[in-house]
Amino acid sequence: MDEPRDRLRPIDLARAAGISTQQVRNHADEGVLPPTARTPAGYRVFTERHRRALLTFRALSAGLGGATARQIMAAVHAGDLPQALALIDAAHHTLHEERTALHTTGQALAAVAEQSPQVSAAPTGDLRIGEVADHLGVRTSTLRVWEEAGLLDPKREHPTGYRLYTPADLREARMVHLLRQVRYPLPDIPPVIHELRRSGGSEALRAALAQRGAELTRRSRAMLTAAARLNEYAEYTR
């Protein structure tokens, strides 16, 4: 399939993929590309097959992440296409679970946002950090991380200095926990909580859920593109 006239330079592959020539060499060393022949001087001999492999890997990375993309390309080059397809199937299953979780969590978040802190199924009265952690099913260290990120602001008990969480604090902690369950980025959560404190409105929450949904849609389309690329490459190398 690959004749000497098909020989490509590292810069040719780099330009096709929009990366550096060093990244091309790194991918060759990682097994992302099929094995390369060497010239008598020791230079790698790249061909059209390597260019296609690189573009396939780039598409897979955009849709499934670099680690999974490397596993898929390694399976293809080992002649194990079923394993490569199984990894694709698993990624689609994970995405489906995330989308389902987003829908379910979105309903729960809306209910929490609209609920008065005093009218709740949660424990009443002020709670200490261990009690809040137990209620949410998280570690106390997680609550401290959220506090450091400006997501929680519990008052301090005098004179012990222990954190005390009011019903409003607990409601905010529940919202943070729900957003984190659907993998919403921690740095993007403050606007949601700050708006809840300021106005009690849920506009920022709706925007957060919409943003997360848009990200899942982007990933889904990227995975479709990646699967098509993989199919083309598998056909080319048959």
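All values reported here derive from a predicted model rather than from experimental measurement.

This next bit is on unusual backbone geometry. Looking along the chain, the bond that leaves His-158 and enters Pro-159 is cis, with omega of 5°. Position of Pro-159 relative to the elements: it lies in the loop between β3 (155-156) and β4 (163-164). Although it is not a glycine, Arg-183 sits at a positive phi angle of roughly 65°. Counting through the fold element by element, Arg-183 comes out in the loop between α8 (167-181) and α9 (190-199). Residue classification places Arg-183 among the exposed positions, given a relative accessible area of 52%.

This paragraph deals with the packing of helix α1 (residues 10-17) against helix α2 (residues 21-30). Two elements in contact, α1 and α2, have axes whose closest approach is 8 Å; the angle formed by their N-to-C orientations is 100°. Taken together, the axis directions place α1 and α2 in an arrangement best described as roughly perpendicular. On the side of α1, the interface is formed by Pro-10, Ile-11, Leu-13 and Ala-14, while α2 contributes Thr-21, Val-24 and Arg-25. Considering only residue class, the contact of α1 with α2 consists of 5 nonpolar, 1 polar and 1 charged.

The next subject is the side chain of Glu-98. By secondary structure assignment, the location of Glu-98 is in helix α5 (residues 81-114). In contact with Glu-98, not counting residues within four places along its chain, are Arg-183, Arg-212, Leu-216 and Arg-219.

Rules used throughout
- The residue numbering used here restarts from 1 in each chain and proceeds along that chain's sequence as written.
- Local features in this predicted model are restricted to residues of pLDDT 70 or higher, and side-chain atom pairs are both shown and tallied only at a pLDDT of 80 or more, whereas totals for entire chains, interfaces and linings draw on every residue.
- Think of the side-chain values as coming from all heavy atoms in the structure, minus any hydrogens and water.
- In this description a helix means any DSSP run of H or I spanning at least four residues, a strand means any run of E spanning at least two, and both kinds are numbered starting from the N terminus.
- Here the term buried applies to any residue with accessible area under 20% of the maximum for its type, exposed to any over 50%, and partly exposed to those in between, with areas from a 1.4 Å probe on protein chains only.
- To obtain each axis, a line is fitted to C-alpha atoms, and for helices this fit is confined to the stretch in contact; angles are then taken between N-to-C directions over 0 to 180 degrees.
- Under this scheme an angle from 65 to 115 degrees is roughly perpendicular, one under 35 degrees roughly parallel, and one over 145 degrees roughly antiparallel; angles in between are oblique.
- In what follows, residue pairs with any heavy atoms lying within 4.5 Å of each other are defined as contacts.
- For this scheme, ten residues count as nonpolar: Ala, Val, Leu, Ile, Met, Phe, Trp, Tyr, Cys and Pro. Four count as charged, namely Asp, Glu, Lys and Arg, and the remainder, Gly too, count as polar.

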